[in-house]
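Here are the chains, one letter per residue:
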Amino acid sequence: MNADIHTLTGAYAANALPADERVDFERHLRMCEACGDEVRELQATTALLGVAAALPPPPGLRERVLAEIGRVRQLGPELRPVPRDQTSESGLPSRISRWTRRAVAVGIAALVLAAAGLGVVTYQQRQDISQLEDALAGARDLGDLLAAPDVKVSSVTSGEATGTVVASEQRDEAVFLSSGLPAVPADKTYQLWVIGPSGPASAGLLALGESGSTVPALATDTGQAQSLAVTVEPAGGSPQPTTQPLLMVELPA
Amino acid sequence: MRVPAGGDPARSGEFALVAEDSLEGLLGQVAKGDQRAFEQVYERVAAPVYGIVRRVLRDPAQSEEIAQEVMLEIWRQAARFSVERGSALSWVMTIAHRRAVDRVRTEAAASARTARALWQDNRTEYDQVAEQVEVRLEQERVRRCLESLTDLQRESVDLAYYGGYTYREVGELLGVALGTVKTRLRDGLIRMRDCLGVAR
């Protein structure tokens, strides 16, 4: 890594980096603990510069904001199956609830696909999914993603493998399904990426189910993203992709 | 408005408990959907948020729009705030400043900014807020610390942070090498950090 990049903490804290350099620097930040500390301090400093510019907000803003929050769904806490900065085992409980959400969301995703007659979902998958649905019928988040009025589907086939994305722009989330990906050796794993304006961000590891399809995965913050991609990574996952994608599915427009 | 919630959380150190009425504590409640807690957050941060957005964008109509987006973003993302990554005020102001800067860097907004508002004098409004003692003290502290910087440090910080320019644009405006701008921004902010007593 360019030694010079450490001096970018100031420009970063002042939001003075052009978009591409911001991405590079954020990648560097995940590996550079000292930079992270300095960035935090300098952001606390720029925050005070900002406070010094305080102005009375326009009349009416408060009412509009308070009225609007009733219509804006809040994001859940960040549950990262693979923490973007490190790989640890401590995320296990949250991982489980995340998987539950994913499985549930996907049950409905599959129904939509089937109903849409896209022919993407195989009989076997539907069997798996109805089992999941039965098992998870009581889960609270059922229908959350797929109940969104703007849910859309896109799909790509590459060789034997098919990847499908069911996305809601409003909810800023998408479910990724695949079938036909080959098994990977024990020291490797599939990893899902959200490719957004600032480059790829991990959306977690993909487990390969018995039927040859990956366990459905929920990706968040997909609103600005162009596509979802799957790569093979060393077991435990990588902070950034290290291989070319096997599948790359554009988010439905 | 209680602005200086700003320095405090940072100063209290990372092992401090999060007090319920601190901005951090309020965000925790907002994350669970507590609208009344959000009202309190609004009271504390709306003026700094609107102020910094307005400082960068200049145009009042655009600033109001962005300030509203920022407040909604705080509501939406409250659960994503983590004390490990800095104080709540830092988090809020980073969102606000970044939104304003992102808007500036879209071409349409850039032209509106130059055409309409570059020459507007905000002095009356500054004075209104400055009526409040805490804000005036904070402004005074920041002003004094800015004065302790070298000219090049101060101009770099001013153009980058308050002007919303990229360091490349700052280099162009000041006629200095990019490497110089990067280091002046960094050592200028480090000096500000020490002068303002931001916790290490």
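Draft legend 1. Broad picture of the pairing of strand E1 (residues 152–158) of chain A. All names here are of chain A. Sheet analysis places E1 next to strand E2 (residues 161–168), joined by seven bridges and oriented antiparallel. Residue pairing in the sheet places Ser155 in a bridge with Thr164 of E2. Counted along the chain from E1 to the antiparallel partner E2, the turn is two residues long, and its residue Gly159 has a positive phi close to 65°.

Draft legend 2. Focus on unusual backbone geometry. Residues and elements named next belong to chain A. Of note in the backbone geometry, Asp172 takes a positive phi value of approximately 65° without being a glycine. By secondary structure assignment, the location of Asp172 is in the loop between E2 and strand E3 (173–179). We note that Asp221 has phi near 55°; this positive angle belongs to a residue other than glycine. For Asp221, the location among the structural elements is in the loop between strand E6 (217–220) and strand E7 (227–234).

Draft legend 3. Region of interest: the state of the cysteines. Within the structure shown, the criterion is met by two disulfides over all chains. What pairs with Cys32(A) in a disulfide is Cys35(A), and their sulfur atoms sit 2.2 Å apart. Taking the sign of the S-S torsion, about 70° here, the bridge from Cys32(A) to Cys35(A) comes out right-handed. Shown here is the disulfide that connects Cys145(B) with Cys195(B), its sulfur atoms set 2.0 Å apart. What sets the handedness of the Cys145(B) and Cys195(B) disulfide is the S-S torsion sign, and at about -80° it is left-handed. Of this pair, Cys145(B) sits in helix H8 (residues 133–147) while Cys195(B) sits in helix H11 (residues 178–196), and the two are 50 residues apart along the sequence.

Draft legend 4. Representation of the sheet that holds E1(A) within the structure. Residues and elements named next belong to chain A. Reading across from one edge, E1-E2-E3-E6 is the order of the four strands in this open sheet, with antiparallel pairing throughout. Strand pairing shows two members of the sheet lacking a second neighbour, E1 and E6, which therefore form its edges. Across the sheet, the axes of successive neighbouring strands diverge by a mean angle of 20°, strand direction being ignored. Inspection of the sheet shows E2 paired to E3 by seven bridges, in the antiparallel sense. Bridge pairing in E3 places Val166 opposite Val175.

Draft legend 5. Broad picture of the interface of chain A and chain B. With 54 residues of chain A at the contact, the number on the chain B side is 72 residues. Summed over both partners, the interface of chain A with chain B comes to about 5800 Å²; 62% of that surface belongs to carbon and sulfur atoms. Three residues, Leu49(A), Leu55(A) and Gln74(A), lead the burial of chain A against chain B; their summed loss comes to 13% of the area buried on that side. A salt bridge links Glu21(A) to Arg168(B), with the nearest nitrogen and oxygen atoms 2.6 Å apart. Between the two partners, chain A and chain B, sit 30 residue pairs in polar contact (both at pLDDT 80 or more). Elements represented by at least two residues in the side of chain A that touches chain B include exactly helix H1 (9–13), helix H2 (19–31), helix H3 (33–51) and helix H4 (61–69) of chain A. Ranked by residue count, the leading element in the side of chain A that touches chain B is H3(A), at 13 residues. Class assignment for the residues of the side of chain A that touches chain B results in 28 nonpolar, twelve polar and 14 charged.

Draft legend 6. Local environment of H11(B). Residue and element names in this part refer to chain B. Compared with the 27 Å implied by 1.5 Å per residue over 19 residues, the 27 Å span of H11 between its first and last C-alpha is a close match. Every buried residue of H11 is accounted for by Val181, Lys182, Leu185, Gly188, Leu189, Ile190, Met192, Arg193 and Leu196. One or two residues past the end of H11 sits Gly197, with phi positive at roughly 70°.

Draft legend 7. Local environment of the packing of aromatic side chains. As enumerated under the stated definition, the model contains four aromatic pairs over all chains in all. Centre to centre, the rings of Tyr12(A) and Phe25(A) are 5.1 Å apart; their planes meet at 45°, and the pair counts as tilted. Taken as a pair, Tyr12(A) in helix H1 and Phe25(A) in helix H2 lie far apart in primary sequence, 13 residues in all. Overall, the relative accessible area of 7% leaves Tyr12(A) in the buried class. Judged by its relative accessible area of 0%, Phe25(A) is buried. Residues Phe81(B) and Trp91(B) carry aromatic rings whose centres are separated by 5.5 Å and whose planes lie at 55° to one another, so their mutual orientation is tilted. Note that Phe81(B) is positioned in the loop between helix H4 (60–77) and helix H5 (88–104) and Trp91(B) in helix H5, a separation of ten residues in sequence. The pair Phe81(B) / Trp91(B) is uniform in exposure class, with both members buried. Sitting above the plane of the Tyr162(B) ring, Arg55(B) keeps its charged end 4.0 Å from the centroid.

Draft legend 8. Molecular detail of the nonpolar core. Leu49(A), Phe38(B), Val45(B), Val49(B), Ile52(B) and Ile74(B) are the most contacted members of the largest nonpolar core, which has 79 residues in total. Looking at which element gives the most residues to this core, the answer is helix H3 (residues 35–57) of chain B, with twelve residues. Excluding residues within four positions of it along the chain, Phe38(B) makes contact with Val65(A), Leu66(A), Ile69(A), Val30(B), Met71(B), Ile74(B) and Trp75(B). Within the second largest apolar cluster, 19 residues are counted, among which are Tyr190(A), Val194(A), Val230(A) and Leu247(A).

So, how was this worked out
Residues numbered from 1 in each chain as written. Chains lettered and ligands numbered in written order. Predicted model: local features only at pLDDT ≥ 70, side-chain atom pairs only at ≥ 80, totals over all residues. Heavy atoms only, no water. Pairing = 2+ DSSP bridges. Helix = DSSP H or I, 4+ residues; strand = E, 2+ residues; numbered from the N terminus. Disulfide = S-S within 2.5 Å. Axes fitted to C-alpha atoms, helices over the stretch in contact; angles between N-to-C directions. Contact = heavy atoms within 4.5 Å. Buried area = accessible area lost by both parts, 1.4 Å probe. Salt bridge = Lys/Arg side-chain N within 4 Å of Asp/Glu carboxyl O. Polar contact = N/O pair within 3.5 Å; in protein donor to acceptor, adjacent residues only side chain to side chain. Nonpolar A, V, L, I, M, F, W, Y, C, P; charged D, E, K, R; others polar. Expected span 1.5 Å × (residues − 1). Buried < 20%, exposed > 50% of the residue type's maximum accessible area, 1.4 Å probe, protein only. Phe/Tyr/Trp six-rings, centres within 6.5 Å; stacked < 30°, edge-to-face > 60°. Lys NZ or Arg CZ within 6 Å of the ring centre and 35° of its normal. Core = buried A, V, L, I, M, F, W, Y, C linked by side-chain atoms within 4.5 Å.

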